[in-house]
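Topology and contacts: notes
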Amino acid sequence: DSAVEYGLIGFTIFAGLIAHAVLAARRGFSAGASAVLSRSSFAVVIALAALLVGCVFMPHKDMRYLWLLIALAIQCGRLRAGEDSAR
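Residues numbered from 1 in each chain as written. Predicted model: local features only at pLDDT ≥ 70, side-chain atom pairs only at ≥ 80, totals over all residues. Heavy atoms only, no water.

By the definition in use, this model includes two aromatic pairs. A centroid spacing of 5.4 Å and a plane angle of 85° characterise the contact between Phe29 and Phe42, whose relative ring orientation is edge-to-face. Separated by 13 residues along the polypeptide, Phe29 in the loop between helix H1 (2-28) and helix H2 (35-54) and Phe42 in helix H2 bring together distant segments of the chain. Here Arg64 stacks its cationic end above the ring of Tyr65, 5.9 Å away from the centre of that ring. (Phe/Tyr/Trp six-rings, centres within 6.5 Å; stacked < 30°, edge-to-face > 60°. Helix = DSSP H or I, 4+ residues; strand = E, 2+ residues; numbered from the N terminus. Lys NZ or Arg CZ within 6 Å of the ring centre and 35° of its normal.)

Rendered as structure tokens:
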């Protein structure tokens, strides 16, 4: 659905954004992160993965929850980077 509506370039950008969000959140629950950030990042990754699986069966590009979870996932990675620089 996304590839048809966005085209190959738009789909590549969309897929890259999702991959960046998942990797950023994964960074948030890596070893050495605070307990709260680690649990929160793990919850965001699980919620994002569940929503993406659900998006296979429904339209997703206008869903505000998808964009909210992407933003939360990216922010988890930024918070982890902030913890590293504070040490």
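Picking up where we left off.
Moving on to the confidence of the model for the protein chain. Here the protein chain averages 85 in pLDDT, and 95% of its residues register 70 or above. Looking at the elements of the protein chain, mean pLDDT is at its lowest for helix H3 (residues 64-86), recorded as 87, and at its highest for H2, recorded as 90. (pLDDT = per-residue confidence, 0-100.)

Let us now look at the nonpolar core. Core analysis: the largest hydrophobic core is formed by 15 residues, its most contacted members being Ala21, Leu48, Leu51, Met63, Leu66, Ile70 and Ala73. Among the elements of the structure, H1, H2 and H3 are those that each provide at least two residues to this core. If one sorts the elements of this core by residue count, H3 sits on top with five residues. The residues touching Ile70, leaving out its near neighbours within four places in the chain, are Leu17, Ile18, Ala21 and Leu48. (Core = buried A, V, L, I, M, F, W, Y, C linked by side-chain atoms within 4.5 Å. Buried < 20%, exposed > 50% of the residue type's maximum accessible area, 1.4 Å probe, protein only. Contact = heavy atoms within 4.5 Å.)

The next point concerns H1. In this model, H1 (27 residues) spans only 28 Å end to end at C-alpha, well below the 39 Å of a helix rising 1.5 Å per residue. Maximal helix bending in H1 amounts to about 105°, located at Leu8. Buried within H1 we find Ser2, Phe14, Ile18, Ala21, Ala24, Ala25 and Gly28. Looking at the buried positions of H1, the neighbouring elements they touch are H2 and H3. (Expected span 1.5 Å × (residues − 1). Bend = angle between axes of the 7 residues up to and from the residue.)

Attention now goes to H3. For H3, built from 23 residues, the straight-helix expectation of 33 Å at 1.5 Å per residue is met to within 8% by its first-to-last C-alpha distance of 33 Å. Listed in full, the buried residues belonging to H3 are Leu66, Leu69, Ile70, Ala73, Cys76, Gly77, Arg80 and Glu83. Taken together, the buried residues of H3 touch H1 and H2.

Here we take up the packing of H1 against H3. Two numbers describe how H1 lies on H3: the axes approach to 7 Å, and their chain directions differ by 45°. Relative to H3, the element H1 is oriented oblique. Taken as a pair, H1 and H3 cross one another with a handedness that is left-handed. Across the interface between the two elements, Phe14, Leu17, Ile18, His20, Ala21, Ala24, Ala25, Arg27 and Gly28 from H1 touch Leu66, Trp67, Ile70, Ala73, Ile74, Cys76, Gly77 and Arg80 from H3. Of the residues in the contact of H1 with H3, the class split is 12 nonpolar, three polar and two charged. (Axes fitted to C-alpha atoms, helices over the stretch in contact; angles between N-to-C directions. Parallel < 35°, antiparallel > 145°, perpendicular 65-115°, else oblique. Left-handed = near helix turned anticlockwise from the far one by under 90°. Nonpolar A, V, L, I, M, F, W, Y, C, P; charged D, E, K, R; others polar.)

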